[in-house]
Each structure stands twice: as C-alpha cells, then as structure tokens.
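Descriptive structure summary
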Amino acid sequence: MNKRAPAPKSRPSAQAAARAKQRQRREKWRVPVLIGSLALAVVAVAAVALTVSDQSRSTKNAGANAVEVADAVTVKGAALAKLPPESSKLSDPAVGQPVPVLDGVDPEGKVVTVPQSGPAVIAIVAHWCPHCQREVPVIMDLRKTGQWPSNVALSAISTSVAPDRDNYPASTWLRTEGWDAPVLVDTKDQRASEAYGLTGFPFLIWVDANGKVVLRTSGEIPEGQLAGMLAQLSQGETPTKPGS
C-alpha cells in the first residue's frame, strides 16, 4: 500500500508577511508609547497640584501677613458726634458737618485715605457682626449688577477686630465677599470709627459732593431701598432715611 506523501507547507504571501511585520513594529512601540503617555499624565497632574498648592499657600500667606488692626490712624477735621438712637427722635447733629478725612493703611499695609472724593458712602463693618455679614454681600451685589452709581465712591472701615470671634480674620472675609473698594483698618481703640460717631453695625456715612455729611444710618438696609438711596445721593439729593 502506497503511503501518501505529506502535503508541502504553504508559504505566506508577500502581503501577509508585510502585515505581520507591521504588527510586530506596532507591538514593539506600543508599550513605550503607553509608558510615555502615562508619564506625561503624571507630570501634568503634579504640575496642577503644585499650582493649586502654591495658590493655597499664597492665599494663606496673604491672610497671615494682612494688617487686621492698625497701629495708627490720622484724623483730619473735627470728629462727629454720636448718632442719636432712633428712639430719641433727635436729629443727627453731624448732618451738614464736614466729614473727617482719615489716613491709614489697608489690610495689605498700603496707605489709604477715607473717604474718596464725594459723593461717597463709608461703610463701617465688623467681621463678627451678622448684620454686616448680610449687608456686605448686598452692597457687592449692587456694584456687580451696575446699580451702584458710578459717581458715588465707596470705602470701608474694618473695626472692632476680635480674633476669638466669628468670621475672623476680617481681611479674608472682605476678600471672600469680593469687596472691591478701599478698606481702612481701624486701630485697637477704634480711632477711625469713633471719629465718625459709630453707634452700631453696619454704620454708613453718606457724604455729598462738597464733603459734608447728609445722613448716617445704623443697621441693615434692604437692597432695593439701598439702591434708591444711592440714586438720590448720586443726583445731589439727600437720601431718604430708612423707616421714614
């Protein structure tokens, strides 16, 4: 019986051989490319982490180095009498008086003068005061929405700072709220706020274009009413006192 000879092995075609070589080349470079991509991703993540870390340190350092209580405030002009309580029904003796001009420093230690040229509003605030914590965002909202008249200057006096009370430090609070106007830091004995006759928070001093006091208010003012009072001041009118 004749045995059949084994069939000869077929050889791959030229095209199949070329495809095999291409697969080998791809496999050869796939792992290094993958490793390289992973390395780039790690570097990118590390760079972002470093950036965030640097920004965080910068913010912390800014807060740590901020001036929360000033060493001195210079008062130019006669101090204003205390604002009479609402219950007394007495008129405000400061109305018509020139507003004292204060020279001091802001939380960054830069020289600042309050008030700016009139008409102007000076807001005296304390970081721990819940009424101030509600009123400051109202003021900022008016400015962000264009309801704060462009000819009415704004400045703040940060006073009564207490490290053991809520919302400390004051500089961080104002920065977080987006406060975009000059801030004068008061002294420990409240020389700045005493010069304006502070009796409560928030305390607003309304000044006309001639640098004279036209109104002082103590306490929160609703946003709509505050916007109306600002419009009156910008037009040279005496703002309507809240509750009138």
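The structure presented is a predicted model; accordingly, all values stated were derived computationally and were not measured.

1. Let's talk about the nonpolar core
Counting residues in each nonpolar core, the largest one holds 53 residues, and the members touching the most others are Val121, Trp179, Tyr196, Ile205, Trp206 and Leu226. A total of 6 residues in this core trace back to one element, the largest contributor, which is helix 2 (residues 130-144).

2. Observations regarding the sheet that holds strand 4 (residues 120-125)
Pairing is mixed in the open sheet, where 5 strands are placed in the order 6-5-4-7-8. What marks the edges here is a single partner per strand, and that holds for strand 6 (183-185) and strand 8 (213-218). Averaged over all neighbouring strand pairs, the angle between strand axes comes to 20°, with direction disregarded. Pairing geometry for strand 4 and strand 5 (residues 153-158), over 6 bridges, is parallel. Note that in strand 5 the partner of Val125 across the bridge is Ser158. Running at roughly 25° to strand 7 (residues 203-207), helix 5 (residues 223-234) makes contact with strand 4, strand 7 and strand 8 of the sheet.

3. Here's the deal with unusual backbone geometry
A cis amide bond links Gly118 to the next residue, Pro119, at an omega of -5°. For Pro119, the location among the structural elements is in the loop between strand 3 (111-114) and strand 4. In this structure, Pro202 follows Phe201 across a cis peptide bond, with omega equal to -20°. Looking at the element boundaries, Pro202 is found in the loop between helix 4 (191-195) and strand 7.

Rules behind the numbers
Residues numbered from 1 in each chain as written. Predicted model: local features only at pLDDT ≥ 70, side-chain atom pairs only at ≥ 80, totals over all residues. Heavy atoms only, no water. Core = buried A, V, L, I, M, F, W, Y, C linked by side-chain atoms within 4.5 Å. Buried < 20%, exposed > 50% of the residue type's maximum accessible area, 1.4 Å probe, protein only. Helix = DSSP H or I, 4+ residues; strand = E, 2+ residues; numbered from the N terminus. Pairing = 2+ DSSP bridges. Axes fitted to C-alpha atoms, helices over the stretch in contact; angles between N-to-C directions. Contact = heavy atoms within 4.5 Å.

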